[in-house]
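Residues per chain, in single letters:
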Amino acid sequence: MHIDLNNLNMLKDILGNEFVDILNVFLETTPDYIVQLQEAASVKDIDKVKLISHSIKGSSANIGANQLSILGAELEQTAKNNDTEAFEDLITKIVDEANSVEADLQTYIQTF
Amino acid sequence: MSISEPENIKILIIEDDPVTSLAVTKVLEKTGHIVIQANNGREGLNAYTEHKPNLVIVDAMMPVMNGYDTIKAIRNLEHRHSLPLIMLTALDDIDSINKAFEFGATDFVTKPINWSLLTQRIKYALRSSQIEKQFRKTQSQLIYAQRLAKLGYWEWDAKLDKITASQSAFELFNVPINSNSTLDNFLSRVLPKDMPLIQQIITDARSGQPHIQISFRVIQQDGHLRHIECLGEVSFDDDDAISKITGSAQDISRLHKTETLIHYQSKHDTLTELPNRASFNEMLTKALAENTNKHLGAVLIFDIDRFKQINKNLGQDKGDDVLISLAQRLNRITREGDFVARIGSDEFAILLPHIENSNELNLIINRFSNDLNAPFVVNNKDLFVSYSCGISVFPNDATDTETVIEHANSARVSAKASGGNQFTFYRPDMNDDALDMLSLENDLRKALINKEIEVFYQPQVDAKTLKPIGCEALVRWRHPTRGLIVPNVFVPLAESTGMIIEIGRFIAETAIKQTEKWHSMGYDQIRIGINLSSRQFSQSSLIDDIQSSLQKTNLPSHFIDLEITESLAMSDAENNIEILSRLKGLGFKISIDDFGTGYSSLAYLHSFPIDTIKIDRSFVLNLDTLQGEAIAKTILAMAESLNLEVIAEGIELDEQQDFFFGKHCDIFQGYKFGKPMPHKEFTQWLEQYNPPVK
């Protein structure tokens, strides 16, 4: 499981079925983030990488995708350190993890 | 006290990440709030202006405009400083939390967001601001709301027995900031009587209770108690043991106070909600009775200088607003245990029941003086107010309520008689002084008729050529039995009795006539400085009086330099700017006297139609210190950038003259060039100092 259900369930308890809307937004925006991230990394736009990795860190943490959030945080730190060399490797990990999270979420949504 | 229903509450969320934004929105809508979303700081500002939300949540890191700048910008937009601003920030980033508070946030929430804690926090923030809003009504009061809403953040790692907490949490718990604090250290200042409550809560948590809500008391540095409320969430490990507890702490002492106050409504003034005279007397009586070990205490009684004038100029409503703001400011600047009351229309009293020594009292008075002198905002403009304050110290001055108050009051009267804007300690001879003043006042009424009032002239020279350029007219009273009396003794008296109007008229007329004489003698570039008092300034006939004095002569108006003090200029800036503009329109020159001694506001100075500033002698006197030199240089640079003429007063030494020489200073005045002297002597001075070329 690539998502931590504790936090998700708390949100679900409060929101009921509307909770799915949030997951759907996550599923829509994350691929966007990843495209933007890849573009920014390819032209070494460090500020943009910093910003998007920060967003990934926050949005994934809020739906319990903890590993993805950690990777986002690592990338953010890498950008802060101007370590552009490490971008590629981390972004590959982020893409993989995002795919796994997406799959898990799709399954989770089915349970509603 | 009724709290608004959630459905009336608008919350603005400024967050660039759609997932977080939507989640927050949905959670808050679920609890009945109206939520407005904005994607970045700039949009957030627009949404703030458009919707005027009751609470704003801001993400720290955003493109276009980051969360800190957004918070700051919103704080600037809302004048009342009551808006709860919650910052979303990364987990455990204490620096960014402290930064958020610095920029004006009232609380923070870390990501990943703990959803049930979020709704609690928001309820809290709204409750604080709501209670404050009802209990107090003006902006200065609500500065406190920020402080009230400011939460401490703490986390206890149960495995390592280690506390991580924000600076404000350490402050709330009154323990030194320490990154290796244990739970016992952290709770070491909790009132021992309340410790079992905390132990009970931890026991409950151990048996699986996941939420914490508890209030207890903490002993402060000064021995008083602070009421703290903690909210927390418990995390458990796989064996169901506590792994950590995360939570917030809030100072709710003021809420306790509020509740107590309601019980005593009868003893409170309805306008400012301060205790009234009766409760002040009661508190003082109690403090005096409890003072068995004869430690020091003090009573301060003060009123606002020229408050009637403020009421007249701004209207009673605004006058009331000033009183309310002042009352709240007093609440804010006094310490826990001090007692503030409104004992008359614009009269307030402060009881300091416990002071360590006279040094501490002096520090407190200095702080009061600084805080009270800061301007009030009325109609979006700064209003500068000064106070006459009398201080009576017990047990030294007296030990019974009536006498302590009486003494503070006579010190206040004395402060007022010396021109106001001061804090005066009671002295036993004050009653003699008062009698003395009374006889002086009677004499003053006859002084003009008896021709005892004289005008003296103090030379002014050109700072470059050192040639005579003019003089300042100064008033003297040649008393038949007491001899020459200087203005700072009798001018306040003349002001308070209104005689200053006639005296002022006499000085202006005499000085203008005399200057014309000097012109006809060939000294035709001599200028004359004439002081205007605050009382004259509030007189509608001022302009006519000056104009009619001038019309009796052939002197062109630009030789007349009308001087007003900085504090007078600022006292009713808008009205004064208008009068000064009209005088300037008639060709008179305008100077700001004693520059730098009042609450100088560059922004205002710029809007005043002035030609000249006079650097106060106190700065010239301090030129031999680095600080004095820096102030003088600053004033000169300011004058240069505003293109103002500068007169340096009080020049006595070569070094002082040398300092100003070659800088942006136009005119010198001081004993080095000549003392104030009667007109005959001044004519001689003109002849001897630099005879005119015939």
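Residues numbered from 1 in each chain as written. Chains lettered and ligands numbered in written order. Predicted model: local features only at pLDDT ≥ 70, side-chain atom pairs only at ≥ 80, totals over all residues.

### Notes on the overall build of chain A
Now for step 1: If you tally the helices and strands in chain A, you get five helices and zero strands.
Now for step 2: Helices and strands in chain A line up, N terminus first, as α-α-α-α-α.
Now for step 3: Considering only intrachain contacts with a sequence separation of at least 6, the fraction spanning at least 24 residues in chain A is 62%. (Helix = DSSP H or I, 4+ residues; strand = E, 2+ residues; numbered from the N terminus. Contact = placed C-beta atoms within 7 Å.)

### Examining the packing of helix H12 (residues 307–314) of chain B against helix H13 (residues 316–333) of chain B
Residues and elements named next belong to chain B.
Now for step 1: Remark: H12 packs on H13, axes separated minimally by 6 Å, with the N-to-C direction vectors making an angle of 130°. Relative to H13, H12 is oriented oblique. Two secondary-structure elements touch here, H12 through Ile310, Asn311 and Leu314 and H13 through Gln316, Lys318, Gly319 and Val322.
Now for step 2: Looking at the contact of H12 with H13, its residues break down into three nonpolar, three polar and one charged. (Axes fitted to C-alpha atoms, helices over the stretch in contact; angles between N-to-C directions. Parallel < 35°, antiparallel > 145°, perpendicular 65-115°, else oblique. Nonpolar A, V, L, I, M, F, W, Y, C, P; charged D, E, K, R; others polar.)

### Some points on the sheet that holds strand E10 (residues 242–251) of chain B
All names here are of chain B.
Now for step 1: Taken in spatial order, the five strands of this open sheet run E7-E6-E10-E9-E8, and their pairing is antiparallel. Only two strands of the sheet have a single neighbouring strand rather than two, namely strand E7 (162–165) and strand E8 (211–219). Across the sheet, the axes of successive neighbouring strands diverge by a mean angle of 25°, strand direction being ignored.
Now for step 2: As paired elements, E8 and strand E9 (residues 225–236) share nine bridges and run antiparallel to each other. Residue pairing across strands places Ile219 opposite Leu225, the latter belonging to E9.
Now for step 3: Contacts between helix H9 (residues 195–206) and the sheet are confined to E8, E9 and E10, with E8 contributing the most and set at about 160° to the helix. (Pairing = 2+ DSSP bridges.)

### A short note on the sheet that holds strand E11 (residues 296–304) of chain B
All names here are of chain B.
Now for step 1: One open sheet accounts for five strands, arranged E12-E13-E11-E16-E17; its pairing is mixed. The strands lining the two open edges of the sheet, one partner per strand, are strand E12 (339–342) and strand E17 (422–425). Between one strand and the next, the sheet's axes are offset by a mean angle of 20°, whatever the strand orientation.
Now for step 2: With four bridges connecting them, E12 and strand E13 (residues 347–355) associate as antiparallel partners. From the neighbouring strand, Phe339 faces E13, where its bridge partner is Leu351.

### Brief notes about the interface of chain A and chain B
Now for step 1: The partner chain B presents 17 residues to the 19 residues of chain A that form the contact.
Now for step 2: Within the residue set of the side of chain A that touches chain B, elements represented by two or more residues are helix H1 (5–15), helix H2 (19–42) and helix H3 (46–62) of chain A.
Now for step 3: It is H3 of chain A that provides the largest number of residues to the side of chain A that touches chain B, a total of seven residues.
Now for step 4: Residue composition of the side of chain A that touches chain B, by class: ten nonpolar, seven polar and two charged.

### A closer look at helix H18 (residues 500–520) of chain B
Residue and element names in this part refer to chain B.
Now for step 1: For H18, spanning 21 residues, the distance from its first C-alpha to its last is 30 Å, which sits close to the expected 30 Å at 1.5 Å a residue.
Now for step 2: Every buried residue belonging to H18 is among Ile500, Ile503, Gly504, Ile507, Ala508, Ala511, Ile512, Gln514, Thr515, Glu516 and Trp518, and all of these are buried.
Now for step 3: In the stretch just after H18, Gly522 is the one whose phi turns positive, near 110°. (Expected span 1.5 Å × (residues − 1). Buried ≥ 20, exposed ≤ 12 C-beta atoms within 10 Å, placed from the backbone.)

### Observations regarding the pairing of strand E24 (residues 612–615) of chain B
Residue and element names in this part refer to chain B.
Now for step 1: Neither face of E24 is exposed, since Thr612 and Lys614 on one face and Ile613 and Ile615 on the opposite face are all buried.
Now for step 2: Of the strand pairs in this sheet, strand E23 (residues 589–595) and E24 are connected by three bridges, and their pairing is parallel. By the bridge assignment for E24, Ile592 is matched with Ile613.
Now for step 3: Note that E24 and strand E25 (residues 645–648) share four bridges and pair parallel. Bridged to Lys614 within E25 is Ile647.

### Thoughts on the packing of H2 of chain A against H3 of chain A
All names here are of chain A.
Now for step 1: Closest axis-to-axis distance for the H2/H3 pair is 9 Å, and the angle between their directions is 155°. Classed by the angle they form, the pair H2 and H3 counts as roughly antiparallel. Like other packed secondary-structure pairs, H2 and H3 cross with a definite hand, here left-handed. Across the interface between the two elements, Phe26, Thr29, Tyr33, Gln36, Leu37, Ala40 and Ala41 from H2 touch Lys48, Val49, Ile52, Ser53, Ser55, Ile56 and Ser59 from H3.
Now for step 2: Of the residues that constitute the contact of H2 with H3, the class distribution is eight nonpolar, five polar and one charged. (Left-handed = near helix turned anticlockwise from the far one by under 90°.)

### Considerations on the pairing of E12 of chain B
Now for step 1: Residues of E12 of chain B alternate between two faces, with Phe339 and Ala341 of chain B on one and Val340 and Arg342 of chain B on the opposite face, all of them buried.
Now for step 2: Counting the residues that bridge the hairpin from E12 of chain B to E13 of chain B gives four residues.

### Let's talk about the nonpolar core
Nonpolar side chains tend toward joint burial in soluble globular proteins.
Residue and element names in this part refer to chain B.
Now for step 1: Among the nonpolar cores identified, the biggest contains 119 residues, and Val299, Leu300, Ala349 and Ile391 are the most heavily contacted of them.
Now for step 2: Per-element accounting of this core gives the leading share, seven residues, to H18.
Now for step 3: Three or more residues apiece are contributed to this core by two domains, here domain 3 (275–428) and domain 4 (450–689).
Now for step 4: Leave out the neighbours within four places in its chain, and Val299 touches Leu284, Ala349, Leu351, Ser392, Val404, Ile405 and Ala408. (Core = buried A, V, L, I, M, F, W, Y, C linked by C-beta atoms within 7 Å. Domains from an automatic or database assignment.)

### Quick word on the environment of Thr31 of chain B
Now for step 1: Here Thr31 of chain B shows up in the loop between helix H1 (18–30) and strand E2 (34–38).
Now for step 2: Distance from Thr31 of chain B to Thr119 of chain B, taken between C-alpha atoms, is 7.8 Å for residues 88 residues apart in sequence.

### Concerning helix H2 (residues 41–51) of chain B
Because an α-helix packs 3.6 residues into every turn, residues spaced three or four apart end up facing the same way.
All names here are of chain B.
Now for step 1: For H2, every residue scored as buried is listed here: Gly41, Gly44, Leu45, Ala47 and Tyr48. The arc enclosing the buried residues of H2, seen along the axis, measures out at 165°, which places them on a common side. With respect to the buried face of H2, the exposed residues turned more than 90 degrees away are Asn46, Thr49 and Glu50.
Now for step 2: Positioned one or two residues after H2, Lys52 has a phi angle of 45°, which is positive. (Arc of directions from axis to C-beta.)

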